[in-house]
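Below, each chain spelled out in residue letters.
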Amino acid sequence: MVQASSNRLKKNAEFINSLNVFPVPDGDTGTNMSLSLESGAKYETEDGSEEVGHLAASLAKGLLMGARGNSGVILSQIFRGFSQNVENKQTLNAQDLVDAIVAGAQTAYKAVMKPTEGTILTVVREAAKAGKEAVADSDDLAVVMQAIDEAAKVALKSTTDLLPVLKEVGVVDSGGQGLVFVFDAFSDILNGKDINDDEFQPDPEEMNEMVDAKHHQSVQGKINPEDIEFGYCTQMMVRIGRGKQVEHDFDYDYFYQYLAKLGDSLLVINDDEVVKVHVHTEHPGKILAWGQTFGDIVNIKVDNMRWQQEEIMEDDETPTTVPAVPENNEPKETAVIAISSGEGISKLFKSLGVTSIISGGQTMNPSTADIAKAINNTGAKKAIVLPNNKNIFLAAEQAVEVSDIPATIVHSRTIAQGMAAMLEFNPDEELDQNTANMEDNLDTVKSGQVTIAVRDTRLDGREIKKDDYMGLIDGEIVNTNPDLMDASVEMVKRMLDEDSEIVTIIFGKDADQEMAEKLQNEILDIDDDLEIEIHEGNQPVYPFLISVE
């Protein structure tokens, strides 16, 4: 069941990602949940026990250590409660299953400081409620699991109405959708269904979004051209059964397996009429030729990623840790670990006293294990973690619980807040007092981010067009504009008030020093008394990160 649910999540991760409400290149729910459960499934497979209680404990441990993003952490908490409830059980009956899912729901709610309805929490709670009702009428494990699964689907549909932001965009909650795929697989296995049945079939527009998302995700971890093993991003759409060179009837596995040998970052999406392909390869010609044996090909796109590396490479796909111990090899009393994306930003953090950097952020959240490892590798007696992204909070909280040394979290939501917190860091202060002082300094800075919309949408009453630039202040979209400079200036205007004194501009990979200086002049035209600092951050996703103090 666990392996089937992990496979189901992996197959549908890109669809779940497409449900993310904000049209920004954000931490992807489907990717986070898939990687989290994949870790749990690995632990469970390696367990070797035949006792349900033992296997569930291994699943929970793997999920805990592999949990990424809030959605992955909540999923880990669901199965943490599940595993605690079935401890010492050799097998499960219908009542045991229901009790475990009820416990999972309760544990998940307790893990979230301010539980929000219309999320994965709603789905698991309603599923557990339905399980209690079903087991009162039947002791058939398969029947009860099917009732749980069906209730989860009903609850998922309700999330659109429970959260105004979901209703405005017209989607269901992405985390809830992920949990439904897990329960789907459980139900299919217990009811003897083909576990490959009912894989989600996206419509053409969703296909395009999924391909775009796959490309964005796959290139973000390439730091140097030499790191790119497969240099040609190749995309095509095949109209199945059409054309003069058709040799094969379309079979998904047969079609996919050949392509998988020719590259990586492979995504194959199909319906009855077309199949869309995204792959990174050294042989784009072979990809196109293979497509022609199934139908005629249209919408061909081939990009040389090595040649484009300055524009498309991002450095935060695989979280990595900068060596934690100071160069003089003397361990610190208190270490500070910061999650950062961009070489320039990492250098800024180090200059402020950060001991260790975990490379990650918006497009790839570090796991609980990544953060715990960084804490333990500092060589310090205690540690403070700066997540610099709210989607990393829960993973960080789990990491400090399992770390080998006392550790705390300063709940920085942005890079600017993380840097503001470091201004209050005192290496000689006690851990709790240090944490409190740093927390108190978070709100002394306003955080602005400029990024590009990855799709058309409507949010908070605002029409957002694909490829427009968006200004976000403290996480809220406040303006859009097709011109980067105009969008940035308009956002800064909204950030300034009569108490504003210092503006810091950090330009990323999609901007440069000249553009930053132009923005500086535009801001000084608004208020020439402001002090403006410019730094090169090298961050992906955001051409400009701007703070106002």
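Structure: above.
The sections below set out a description of the structure shown in this document.

Procedures and definitions
- Residues numbered from 1 in each chain as written.
- Predicted model: local features only at pLDDT ≥ 70, side-chain atom pairs only at ≥ 80, totals over all residues.
- Heavy atoms only, no water.
- Helix = DSSP H or I, 4+ residues; strand = E, 2+ residues; numbered from the N terminus.
- Buried < 20%, exposed > 50% of the residue type's maximum accessible area, 1.4 Å probe, protein only.
- Contact = heavy atoms within 4.5 Å.
- Areas by Shrake-Rupley, 256 points an atom, 1.4 Å probe, with all protein chains shown as cover.
- Core = buried A, V, L, I, M, F, W, Y, C linked by side-chain atoms within 4.5 Å.
- 1 Å grid on protein atoms, 1.4 Å probe; cavity = no way out; pocket = protein on both sides within 12 Å on 5 of 7 lines; lining within 4 Å.
- Points joined across faces, edges and corners; volume = space filled by probe spheres on them.
- Nonpolar A, V, L, I, M, F, W, Y, C, P; charged D, E, K, R; others polar.
- Pairing = 2+ DSSP bridges.
- Phe/Tyr/Trp six-rings, centres within 6.5 Å; stacked < 30°, edge-to-face > 60°.
- Axes fitted to C-alpha atoms, helices over the stretch in contact; angles between N-to-C directions.
- Patch = residues over 30% accessible without salt bridge, like charges linked within 9 Å, V, L, I, M, F, W, Y side chains within 5 Å.
- Salt bridge = Lys/Arg side-chain N within 4 Å of Asp/Glu carboxyl O.
- Lys, Arg positive; Asp, Glu negative; His and termini not counted.
- Charge placed at Lys NZ, Arg CZ, Asp CG, Glu CD.
- Expected span 1.5 Å × (residues − 1).
- Polar contact = N/O pair within 3.5 Å; in protein donor to acceptor, adjacent residues only side chain to side chain.

Turning our attention to the overall build of the chain. For the chain, the count of helices and strands is 20 helices and 16 strands. When the 549 residues of the chain are sorted by exposure, 56% land in the buried category. When contacts within the chain are restricted to residue pairs at least 6 apart in sequence, long-range pairs at least 24 apart make up 72% of them. For the chain, the accessible surface area stands at approximately 24300 Å², while carbon and sulfur atoms represent 46% of it.

What follows deals with the environment of Val400. Here Val400 shows up in helix H16 (residues 393-402). A relative accessible area of 17% means that Val400 is categorised as buried. Leaving out residues up to four positions away in the same chain, Val400 has contacts with Ile375, Val385, Ala407, Thr408 and Ile409.

Moving on, we get to the nonpolar core. If you look at the biggest cluster of nonpolar residues, it comprises 73 residues, and the most contacted ones within it are Phe79, Ile148, Phe183, Ile371 and Ile375. With nine residues, helix H5 (residues 94-111) is the largest single contributor of residues to this core. Dropping the residues within four chain positions of it, Ile148 is found in contact with Leu97, Val98, Ile101, Ala127, Gly131 and Phe183.

Summed over all chains, the structure comprises two cavities of 30 Å³ or more. What the largest cavity holds in volume is close to 50 Å³. Taken together, Thr414, Ile415, Ala416, Ser447, Gly448, Gln449, Leu545 and Ile546 make up the lining of the largest cavity. Elements with a minimum of two residues in the lining of the largest cavity: helix H17 (415-422), strand E9 (446-452) and strand E16 (544-548). In terms of residue count, the dominant contributor to the lining of the largest cavity is E9 (three residues). A per-class count over the lining of the largest cavity returns four nonpolar, four polar and no charged. Approximately 30 Å³ is the volume attributed to the second largest cavity.

This part takes up the pairing of strand E12 (residues 469-473). Of all the five residues making up E12, five are buried; the element is thus mostly covered by neighbouring parts of the structure. Here E12 shows two buried faces, one formed by Tyr469, Gly471 and Ile473 and the other by Met470 and Leu472. As judged from the five bridges shared by E9 and E12, these two strands associate in the antiparallel manner. Bridging from a neighbouring strand, Gly448 pairs with Ile473 of E12. Here E12 runs beside strand E13 (residues 476-481); their pairing, made up of five bridges, is antiparallel.

The description of two aromatic rings rests on the distance between their centres and on the angle between their planes. Scanning the entire structure with this criterion turns up 12 aromatic pairs. Here Phe250 and Phe294 contribute two aromatic rings whose centre-to-centre distance is 6.0 Å and whose plane-to-plane angle is 75°, an arrangement assigned as edge-to-face. Taken together, the positions of Phe250 in the loop between strand E1 (232-240) and helix H11 (252-260) and Phe294 in the loop between helix H12 (284-292) and strand E4 (295-304) put the pair 44 residues apart, joining distant regions of the chain. Residue classification places Phe250 among the partly exposed residues on the basis of a relative accessible area of 23%.

Before going further, it helps to spend a moment on the sheet that holds strand E7 (residues 382-386). With respect to topology, four strands assemble into an open sheet ordered E6-E5-E7-E8, the strand pairing being parallel. Because the sheet does not close on itself, it has two edges, and the strands there are strand E6 (356-359) and strand E8 (407-409). Between one strand axis and the next, the sheet turns through 20° on average, direction left out of account. Relative to E7, strand E5 (residues 334-340) runs parallel, the two being bridged by five bridges. Note that in E7 the partner of Val336 across the bridge is Ile384. Its contacts with the sheet put helix H15 (residues 368-376) on E5, E6, E7 and E8, and the angle it makes with E6 is roughly 165°. Set on the sheet, H16 makes contact with E7 and E8; between it and E8 the angle comes to about 165°.

Moving on to a negative patch on the surface. There is a patch of like negative charges on the surface, built from Glu424, Asp440, Asp443, Asp460, Asp474 and Glu476. Tracing the backbone shows Asp460 in the loop between strand E10 (457-459) and strand E11 (462-464).

This brings us to the pattern of salt bridges. This model, assessed by the stated rule, comprises 17 salt bridges. A salt bridge links Asp370 to Arg68, with the nearest nitrogen and oxygen atoms 3.6 Å apart. Of this pair, Asp370 sits in helix H15 while Arg68 sits in the loop between helix H3 (52-66) and helix H4 (69-85), and the two are 302 residues apart along the sequence. Between Lys382 and Glu430 there is a salt bridge whose closest N-O contact spans 3.9 Å. Of the two residues, Lys382 sits in strand E7 while Glu430 sits in the loop between H17 and helix H18 (431-440), which places them 48 residues apart along the sequence.

Our focus in this paragraph is the pairing of strand E3 (residues 274-281). The buried count for E3 comes to eight of eight residues, which makes it a mostly enclosed element. Note that E1 and E3 share eight bridges and pair antiparallel. The partner of Thr234 across the bridge, within E3, is Val279.

This part covers the environment of Leu530. As for its position among the elements, Leu530 is in the loop between helix H20 (513-526) and strand E15 (531-536). Sequence-wise, Leu530 and Ile502 are 28 residues apart; in three dimensions their C-alpha atoms are separated by 5.8 Å. Each residue touching Leu530, except ones within four places of it in the same chain, is listed here: Leu496, Ser500, Glu501, Val503, Ile523 and Leu524.

So, on to H5. Helix length check: H5, at 18 residues, gives a terminal C-alpha distance of 26 Å against a target of 26 Å (1.5 Å per residue), a fit within 8%. Within H5, 13 of the 18 residues are buried, which leaves the element mostly enclosed by the surrounding structure. One side-chain oxygen at the N-terminal end of H5 lies 3.1 Å from the backbone nitrogen of Gln95; it belongs to Asn93.

Here the focus is the sheet that holds strand E14 (residues 502-507). Strand order in the open sheet formed by six strands is E13-E12-E9-E16-E14-E15, and the pairing between neighbours is mixed. Each of the sheet's edge strands pairs with one partner strand only, and the pair in question is E13 and E15. On average, adjacent strands in this sheet sit at an angle of 20° to one another, irrespective of strand direction. Taken together, the five bridges between E14 and E16 define a ladder with antiparallel strand orientation. Of the residues in E16, the one forming a bridge with Phe507 is Phe544. Docked against the sheet, helix H19 (residues 484-495) engages E9, E12, E13 and E16, running at close to 140° with respect to E13.

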